[in-house]
Amino acid sequence: MEPLTWFGAYGSSFAPLLLVLVTLAITCGLCAALLAFIDNTPRASFSLFNGIAVLLLLLVGFTYVFNGLAGTEGGAMPLSTLGWMLGALAGLAIFAAMLAWFLDSFFDNPAAFMGILFKWAIYGIAAVAVLWLAVTLLWQGAAHKEWLATFDAADMPSAEEIAEHERISRLQSLGILANVIMRFTPVWIALVVLYGVSIRYKRRLGLYGKLFDSVIGMIGFGLVMFWVFTAFFVGVFDMIATHASLDQATGMKNKLPGTPLMGATPEEFPVYLLGGDNLARDIFSRMVYGSTIVIQIAPLATLFAFMVGITLGLPAGYYSGKLDTALSFLANLILAFPVILLFYLLVTPEIVETGLPQYMATVLFLFPLVFMGVLIQSRFRTQPQKNIFWMALILIPLFLIYAAAINDGGSHSKIRFWPLDFFDIPPGILVVFVAVVFVNSPTVFRIVRGLVMDIQTRDYVAAAQTRGERPWYIMLWEILPNARGPLIVDFCLRIGYTTILLGTLGFFGLGLPPESPDWGTTINEGRKLLSIYPHPALPPAFALLSLVLGLNLLADGLREESLKD
Amino acid sequence: MGLFILRRVMTMLLTAICLTFVVFFLTNLYPNLEKLAKTEGNMRMTDAQVESWLTENGYLQPLPLKYAQWIGVMPGARTLDDDGEETGRCIPPGTDPAEAPRFCGVLQGYWGFSTVFKDPVSEIISTRLGLTAKLMFWVMLLMVPSALLIGVLAGMREGSRTDRTLSTFAISTTATPEYVSGVIFIAMLASSRYGLGPLLNEWGLIAGNAPFKGTATGAMEDATFQNFFLPVLTIALYGMGYIARMTRASMAEVMTAQYIRTARLKGVKFRNIVMKHALRNALIAPFTVIMLQVPWLLNGVVIVETLFNYKGFGWTLVQAASNNDIELLLAVSVVSVFVVLVTQLISDIGYVFLNPRIRIS
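Criteria and thresholds
Residues numbered from 1 in each chain as written. Chains lettered and ligands numbered in written order. Predicted model: local features only at pLDDT ≥ 70, side-chain atom pairs only at ≥ 80, totals over all residues. Heavy atoms only, no water. Helix = DSSP H or I, 4+ residues; strand = E, 2+ residues; numbered from the N terminus. Buried < 20%, exposed > 50% of the residue type's maximum accessible area, 1.4 Å probe, protein only. Contact = heavy atoms within 4.5 Å. Areas by Shrake-Rupley, 256 points an atom, 1.4 Å probe, with all protein chains shown as cover. Axes fitted to C-alpha atoms, helices over the stretch in contact; angles between N-to-C directions. Parallel < 35°, antiparallel > 145°, perpendicular 65-115°, else oblique. Left-handed = near helix turned anticlockwise from the far one by under 90°. Core = buried A, V, L, I, M, F, W, Y, C linked by side-chain atoms within 4.5 Å. Patch = residues over 30% accessible without salt bridge, like charges linked within 9 Å, V, L, I, M, F, W, Y side chains within 5 Å. Salt bridge = Lys/Arg side-chain N within 4 Å of Asp/Glu carboxyl O. Expected span 1.5 Å × (residues − 1). Buried area = accessible area lost by both parts, 1.4 Å probe. Polar contact = N/O pair within 3.5 Å; in protein donor to acceptor, adjacent residues only side chain to side chain. pLDDT = per-residue confidence, 0-100. Phe/Tyr/Trp six-rings, centres within 6.5 Å; stacked < 30°, edge-to-face > 60°.

**Thoughts on the overall build of chain A**
Link 1 in the chain: Looking only at helices and strands, chain A has 22 helices and two strands in total.
Link 2 in the chain: Looking at the 565 residues of chain A, the share that counts as buried comes to 52%.
Link 3 in the chain: Across chain A, the fraction of contacts at a sequence separation of at least 24, relative to all contacts at a separation of at least 6, is 73%.
Link 4 in the chain: Total accessible area on chain A stands at roughly 26000 Å², and carbon and sulfur atoms take up 70% of it.

So, in structure tokens, the structure goes:
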């Protein structure tokens with residue numbers, strides 16, 4: 001079986017069209033940029049940056065895709081072709097300069113015109129991409145049918161042979177990219193449904209609905225939900241991945257993307273879509289499995305950090321004085337540690353042996369309980385009936401989970417008193433979780449403290465104080481809801497930061513076991529042979545990048561929309 | 001002002017003491033000491049041997065006592081080894097025990113002896129810090145001007161397409177941690193088989209197979225554009241976005257101020273408004289941010305130095321931490337606390353000096 005190409009059987013037919021559009025886009029972009037440079041009108045200045053951005057992106061994209069990874073054994077683009085392309089770019093630039101000069105002397109506002117042309121060229125490129133995908137998906141079986149037609153009715157191959165040939169021929173006409181897109185089908189469906197419903201009912205959905213008014217926010221949300229759905233479908237239904245995360249195949253060590261498996265059984269997926277890593281495991285599947293670890297830990301850890309930060313930050317900001325001084329000193333102390341030193345001190349196997357992470361979990365996991373308890377108590381203090389009901393309803397399950405979470409049945413475990421230990425958190429995950437919560441809480445504390453100090457001076461707080469409300473009621477039911485805007489934005493940003501921290505831990509080989517498929521660990525594995533085999537490290541790197549970028553864009557969109565009120 | 005600085009220095013000292021004690025406590029936990037004994041002595045030591053090794057080297061004394069010795073307020077412990085000779089932390093090998101000082105700690109200027117590098121800690125720290133200072137200097141030189149430029153360009157017309165494009169760029173750089181951008185840069189620019197390298201070589205533009213080097217080990221002695229640019233760029237890029245966003249916010253705020261409108265209505269050219277009226281006021285806030293960014297850069301330094309194998313301060317931190325080199329780790333944490341708190345102090349003082357409103361009142 002031949003190795004897969006990046007764009008499949010129909011990729012080459014779209015190349016001329018794409019070339020025309022790209023030429024147009026670059027010429028117009030450059031031209032508009034130059035014109036904008038000549039007469040510095042506010043309207044035109046955007047094209048300067050868009051032009052440069054597009055040029056850079058295209059350059060990077062071309063070098064990367066064609067020269068870097070197109071090299072599935074024989075199918076690499078010859079270097080001279082790339083050279084021609086770069087030469088052509090330079091030629092285009094000169095042409096654009098001449099055109100700009102020409103237009104400027106004859107037309108009224110050529111920059112705007114060129115800008116519009118540039119925009120349509122970009123739309124055209126997008127349309128070609130969609131068209132390519134549609135054609136590739138619709139006609140993926142064509143090669144197989146042709147092959148079948150070459151046989152007479154008399155000497156037809158056996159049914160198994162036909163099925164086998166159809167499978168491989170479909171894979172090959174799809175190419176690597178379309179295959180990857182196909183693997184994510186459930187995610188696309190879920191995204192379309194989610195966006196359809198959300199946009200339809202966006203006026204009734206509050207802040208979440210408003211998100212769909214901002215393009216940036218929508219893109220960010222899409223990226224985040226892409227990985228959330230991926231983690232969901234992989235973790236729960238085991239759908240997207242082509243191989244198990246630890247499966248090794250003979251002869252697949254460091255193989256390039258699209259390499260077929262040797263002697264694959266009919267049940268196996270016969271190709272490593274994004275190649276094999278240095279232990280001959282499938283990079284695509286590992287990347288996809290890695291998302292489950294990140295999506296499980298990052299939001300939950302951030303939530304815990306927020307519980308800790310809010311529970312401590314509210315009184316510190318509200319009472320000020322000695323309590324504030326002490327807590328702030330503690331927070332600054334933790335923040336003065338370089339994060340990586342802290343990780344090295346907290347996350348080594350030796351420290352795990354001492355049980356320190358478990359003790360820390362005991363303290364840190366207590367905060368949600370305290371928070372919920374105070375929340376209910378401050379609200380229903382005067383209504384004992386309701387108070388007891390809500391306390392029981394929320395605190396008993398929380399306590400059961402808490403006790404089960406800190407208890408561990410393992411032989412090294414230091415805390416093992418609880419008979420109802422329903423689940424054990426794998427020690428690696430627990431350590432990482434605790435470390436990340438510990439590092440994040442002081443910053444949240446500082447943010448909450450600052451917000452409280454600011455909001456405290458408002459009239460409604462004074463009104464509540466005059467009413468004779470208790471301090472905790474004012475903090476939790478007057479101040480906290482009014483601080484929600486900045487806190488929600490920071491929550492999104494902080495999930496992104498936590499993801500980066502998790503990656504950092506993996507990058508230094510701390511916490512999670514070395515065979516774990518999470519992104520940080522895979523990047524760490526891949527970086528050792530980076531200049532010879534770049535392909536194992538790049539997919540997890542881009543995955544991590546896209547998730548964090550999505551979270552940052554989402555935060556930006558939320559901030560923009562919440563400011564509009 | 002004097003009182004303010006004094007208070008800050010006191011806080012700094014207190015933080016340093018607390019922090020080193022935490023590091024001391026964590027590195028002196030028994031499993032850590034056991035690992036140290038096994039790497040220093042012999043991997044196949046029995047539990048009893050480990051214990052005797054630790055006792056001999058003074059690791060099993062009570063924690064506060066050991067800490068006081070490290071600070072230099074208690075005399076250094078001495079023991080007799082198998083040959084009947086007196087050894088201890090205050091007696092360097094090859095000197096007469098009788099002549100050795102009784103106290104040897106940080107107060108006496110003795111930072112200890114590194115078990116990994118087999119060198120005095122103070123020497124290691126000073127050479128490594130020098131290397132990292134070189135890296136940071138170039139990072140600052142690249143990062144600060146470009147971040148300010150991006151921020152000012154984006155902030156001068158808030159909401160324009162320029163602003164959108166540049167803000168998106170700034171967000172993407174803050175979303176790209178060093179270990180991601182570093183890996184991408186190496187794969188594209190420093191690989192001899194992929195990326196731009198082979199092409200440029202074919203054109204005869206570069207002699208080797210890659211325009212940049214994937215390792216910066218050579219840059220420790222002789223930093224060139226070829227071996228030093230990628231690590232510098234990797235750190236600078238991550239820090240750049242944040243500063244640019246702060247500058248943008250500050251610039252956008254200034255541009256809505258009354259005096260800018262007055263200048264506009266007077267018919268001052270836009271270029272002059274930005275350069276003469278807005279810029280100075282807009283750069284106050286970014287200054288503090290730049291100073292506060294330094295501790296964050298320290299993190300990036302650790303990652304980048306590990307990735308590019310540049311043996312500076314961050315690389316030393318990783319080596320010390322992964323080998324439980326107690327005294328080196330303590331020195332490293334003292335230095336980093338110092339850096340964090342001094343930059344905070346500078347940013348506070350600088351803010352006061354830069355902002356006329358605060359300076360005069």
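So, next bit.
**Regarding unusual backbone geometry**
All names here are of chain B.
Link 1 in the chain: Residue asparagine 309 is not a glycine yet carries a positive backbone phi of 55°.
Link 2 in the chain: Note on placement: asparagine 309 falls in the loop between α12 (284-308) and α13 (313-322).
Link 3 in the chain: For asparagine 309, a relative accessible area of 31% gives the class partly exposed.
Link 4 in the chain: In this structure, asparagine 324 is a non-glycine residue whose phi angle is positive, near 50°.

**Quick word on the packing of α13(B) against helix α14 (residues 326-354) of chain B**
All names here are of chain B.
Link 1 in the chain: Interhelical geometry of α13 versus α14 gives an angle of 140° and a closest axis separation of 9 Å. Considered as vectors, α13 and α14 are oriented oblique to each other. For the pair α13 and α14, the crossing hand works out as left-handed. Note on element contacts: α14 touches α13 through Leu328, Leu329, Val332 and Val335, opposite Phe313, Thr316, Leu317, Ala320 and Ala321.

**Some remarks on the nonpolar core**
Residues and elements named next belong to chain A.
Link 1 in the chain: In this structure, Phe284, Phe343, Phe365 and Phe508 are the most contacted members of the largest nonpolar core, which totals 214 residues.
Link 2 in the chain: Considering every element that reaches this core, the biggest residue donor is helix α10 (residues 283-319), with 19 residues.
Link 3 in the chain: Among residues more than four places away in sequence, those in contact with phenylalanine 284 are Val180, Arg183, Phe184, Ile240, Thr242, Leu273 and Leu274.
Link 4 in the chain: The next biggest cluster of nonpolar side chains, apart from the first, holds 16 residues, and it includes Val22, Ala25, Ala100 and Phe118.

**Some details on a nonpolar patch on the surface**
Link 1 in the chain: A contiguous nonpolar patch, built from Ile189(A), Val193(A), Val197(A), Tyr201(A) and Leu205(A) and spanning about 430 Å² of accessible area, is present on the exposed surface.
Link 2 in the chain: Here Ile189(A) is to be found in helix α7 (residues 185-200).

**Looking at helix α7 (residues 178-189) of chain B**
Because an α-helix packs 3.6 residues into every turn, residues spaced three or four apart end up facing the same way.
Residues and elements named next belong to chain B.
Link 1 in the chain: Between its first and last C-alpha atoms α7 spans 16 Å; for twelve residues at 1.5 Å apiece the expected length is 16 Å, and the two agree.
Link 2 in the chain: Burial runs high along α7: twelve of the twelve residues are buried.
Link 3 in the chain: Inspection of α7 places Glu178, Tyr179, Val180, Ser181, Gly182, Val183, Ile184, Phe185, Ile186, Ala187, Met188 and Leu189 among the buried residues, and these make up the whole buried set.

**Quick look at the interface of chain A and chain B**
Interfaces are often sized by the accessible area lost when the parts come together.
Link 1 in the chain: Taken together, the 61 residues of chain A in the interface contact 63 residues of chain B.
Link 2 in the chain: Buried area between chain A and chain B, both sides added, is near 5500 Å², and the carbon and sulfur share of it is 75%.
Link 3 in the chain: At the boundary of chain A and chain B, one finds two salt bridges.
Link 4 in the chain: With its nearest N and O atoms 3.7 Å apart, the salt bridge here joins Glu350(A) to Lys35(B).

**Here we look at the side chain of Thr311(A)**
All names here are of chain A.
Link 1 in the chain: Tracing the backbone through its elements, the reader meets threonine 311 in helix α10.
Link 2 in the chain: Within the structure, threonine 311 has its side chain in polar contact with the backbone oxygen of methionine 307 (distance 2.4 Å).
Link 3 in the chain: Contacts of threonine 311, omitting those with residues within four sequence positions, involve Phe367, Val370, Phe371 and Trp472.

**Points about the environment of Leu369(A)**
All names here are of chain A.
Link 1 in the chain: When you line up the elements, leucine 369 lands in helix α15 (residues 366-380).
Link 2 in the chain: Judged by its relative accessible area of 13%, leucine 369 falls in the buried class.
Link 3 in the chain: In this structure the C-alpha to C-alpha distance between leucine 369 and phenylalanine 14, which are 355 residues apart in sequence, comes to 59 Å.
Link 4 in the chain: Sequence-distant contacts of leucine 369, defined by excluding residues within four places in its chain, comprise Leu395, Leu398, Phe399 and Tyr402.

**As for the confidence of the model for chain A**
Link 1 in the chain: Across chain A, the average pLDDT comes to 84, with 89% of residues at 70 or higher.
Link 2 in the chain: Note that residues 67-77 of chain A has pLDDT below 50 and, in this model, 31 contacts with residues that lie over four places away or in other chains.

**Here we look at the packing of aromatic side chains**
Link 1 in the chain: Tallied over the entire structure, the rule returns 36 aromatic pairs over all chains.
Link 2 in the chain: Residues Phe229(A) and Phe233(A) carry aromatic rings whose centres are separated by 6.5 Å and whose planes lie at 35° to one another, so their mutual orientation is tilted. One end of the pair is Phe229(A) and the other is Phe233(A), both in helix α9 (residues 215-237) and four residues apart, which spans about a single turn.
Link 3 in the chain: Residue classification places Phe233(A) among the buried positions, given a relative accessible area of 13%.
Link 4 in the chain: Taking 6.3 Å as the distance between ring centres and 75° as the angle between the ring planes, the aromatic pair formed by Trp70(B) and Trp111(B) counts as edge-to-face.

**Comments concerning the pattern of salt bridges**
Oppositely charged side chains can pair when the atoms bearing their charge come close.
Residue and element names in this part refer to chain A.
Link 1 in the chain: Counted according to the given criterion, the structure contains 17 salt bridges over all chains.
Link 2 in the chain: Ionic pairing is found between aspartate 213 and lysine 202, a salt bridge with its closest N-O pair at 3.0 Å. With aspartate 213 in the loop between α8 (206-210) and α9 and lysine 202 in the loop between α7 and α8, this pair connects stretches of sequence that are eleven residues apart.
Link 3 in the chain: The closest approach of N and O atoms between arginine 203 and aspartate 213, which form a salt bridge, is 3.6 Å. Here arginine 203 is found in the loop between α7 and α8, whereas its partner aspartate 213 is found in the loop between α8 and α9, with ten residues between them in sequence.
Link 4 in the chain: If you follow the salt bridges from partner to partner, you end up with Asp277, Arg281, Arg286 and Glu525 in one network.

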